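# Secondary and tertiary structure notes
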Amino acid sequence: MSKDLTKSIFELLNKNDHEQLVYCCDKEIGLKAIIGIHNTALGPAMGGTRMWNYNSEEEALNDVVNLSMAMSYKSSLAGLNAGGGKAVIIGDPKIKNEKFIKRYAEFINDLNGKYWTAQDVNMTSGDIINIKKTTNYVVGLPKEHGGLGDSSAPTAFGVYLGMKSAMMNMTGSESLEGKKILVLGVGKVGSKLINYLLKEGSLVYAYDIDPKNLNVFSGTNIKILQEDMIYSNEYDIFSPCALGGAINKDSIDKIRCKVIAGAANNQIADEEIVLNKLKEKKIIFIPDFLINAGGIISVYHEQIGDINSQKVMDMTSNIYDKVTDVLKFSQENDTSTYNAAIQLAKNRIHNISEK
Ligand code: NAD
């Protein structure tokens, strides 16, 4: 291995205080995975496994490093005794079979509970059930397999409460009645979020690349958009609920809204440009890793063996106050809400490490 490669990996790990990277390889079955363990000060590293046909190993490495770090911040802000981790499997999801998953689960098992996995992009519930056959260090199982099932319900609830908290802080009223809210991506989380919003009397604008996800909605308070109409309106809240990177150097010029608050992970791409533009346009960004914690709260309860959906919802409701804390910290320290959330997450990790 070249000296430069080793040096650059350590530089990458040092940059954001990563603890460990585990490269997993089985040439015979074509398995290549990287498990990223960002921080375990608060508890075992938790975060899903994503399978993706990355253009390069470097792209996979950057993804796992960024995603595992975001998981540390998410668990810390949510008040969980859990650290941050994530795993990426490199390759076409079609190559997965039972043997492949079993081998992958063995690698997780080797870590003896330092990393707990869950479902992420291109991993199915069936994969999670199969992982469980080989290792106990997996969460997010269906209810019939002893888990808490689909976590999109607490996630949507958290995003909804985060929106209300943002409104309360900005206007003195938490009501979303009559507010114009764009939901971009109407899948498991987006659809449940829309139900909350319609119940409250918001004016919902919805777009999804898959039109059949929108057919279930009707009524005067919801407007289904075509792609070219997304940025034609001014909104009170823009809620990215599809994939990451919705707020980037191109879209930020077109977005007209007061608040951005959505479920999608890693919403901001082109970080420096976007953060400057958000400030310039006076848009309040409620960080995704703060507002979409309902999912990690759910799988955390599985990890500690507390299979109780009500407790998950109760803990998720704390997101309301945590949004207030972040907005306050941001104002008091004249920093972006994004940096404020990271700083508060780091403070909790740091405080526990000091003890
Ligand atoms: P999902 O796959 O059910 O829904 C995603 C939706 O986005 C789909 O309907 C898809 O058609 C649509 N979509 C994809 N690309 C789009 C585009 N360019 N424009 C508009 N729509 C597009 O996923 P989900 O579980 O609803 O999760 C949504 C987001 O929230 C994801 O980014 C996910 O990582 C994140 N998240 C989910 C949870 C959870 O508990 N499900 C928890 C935390 C974060």
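Just so it is clear, the structure is predicted and the values come from calculations on it, not from any experiment.

### A word on the layout of surface pockets
- Quantified by volume, the second largest pocket comes out at close to 600 Å³.
- Forming the boundary of the second largest pocket are 21 residues, of which Ile284, Ser330, Thr335, Ser336 and Thr337 lie nearest the centre.
- Listing elements by their share of the lining of the second largest pocket, those giving two or more residues are α5 (152-171), α8 (271-280), β12 (284-285), α12 (319-332) and α13 (337-354).
- The element contributing the most residues to the lining of the second largest pocket is α12, with five residues.
- Here the lining of the second largest pocket is composed, by residue class, of eight nonpolar, nine polar and four charged.

### Things to note about the domain arrangement of the protein chain
- As assigned here, the protein chain comprises domain 1 (3-71 + 83-138) and domain 2 (152-293 + 320-348).
- Computed over C-alpha atoms only, the centres of domain 1 and domain 2 are separated by 28 Å.

### A closer look at the environment of Val159
- Along the chain, Val159 turns up in helix α5.
- Of the residues examined, Val159 reaches a relative accessible area of 0% and is grouped as buried.
- Along the chain, Val159 and Leu198 lie 39 residues apart, while their C-alpha atoms are 14 Å from each other.
- For Val159, the contacting residues outside a window of four places in its chain are Leu193, Ser239, Ala261, Gly262, Ala263, Ile291 and Asn292.

### Quick word on empty space enclosed by the protein
- Scanning all chains against the criterion turns up two cavities of 30 Å³ or more.
- In this model, the largest cavity occupies a volume close to 50 Å³.
- Among the elements of the structure, α2 (57-77) and α9 (288-291) are those that each provide at least two residues to the lining of the largest cavity.
- At four residues, the largest contribution of residues to the lining of the largest cavity is made by α2.
- Partitioning the lining of the largest cavity into residue classes produces four nonpolar, two polar and three charged.
- There is about 30 Å³ of room inside the second largest cavity.
- Along the walls of the second largest cavity sit Lys74, Leu77, Ala78, Phe289, Leu290, Ala293, Ile319 and Lys322, which together make up its complete lining.
- Grouping the amino acids of the lining of the second largest cavity by side-chain chemistry returns six nonpolar, no polar and two charged.

### Notes on the sheet that holds strand β9 (residues 222-224)
- Taken in spatial order, the six strands line up as β9-β8-β7-β10-β11-β12 in an open sheet, and their pairing is parallel. Only two strands of the sheet have a single neighbouring strand rather than two, namely β9 and β12.
- Here five bridges tie strand β7 (residues 180-184) to strand β8 (residues 203-207), and the two strands are oriented parallel to one another. Directly across from Leu182, in β8, lies its bridge partner Tyr205.

Analysis parameters
Residues numbered from 1 in each chain as written. Predicted model: local features only at pLDDT ≥ 70, side-chain atom pairs only at ≥ 80, totals over all residues. Heavy atoms only, no water. 1 Å grid on protein atoms, 1.4 Å probe; cavity = no way out; pocket = protein on both sides within 12 Å on 5 of 7 lines; lining within 4 Å. Points joined across faces, edges and corners; volume = space filled by probe spheres on them. Helix = DSSP H or I, 4+ residues; strand = E, 2+ residues; numbered from the N terminus. Nonpolar A, V, L, I, M, F, W, Y, C, P; charged D, E, K, R; others polar. Domains from an automatic or database assignment. Buried < 20%, exposed > 50% of the residue type's maximum accessible area, 1.4 Å probe, protein only. Contact = heavy atoms within 4.5 Å. Pairing = 2+ DSSP bridges.

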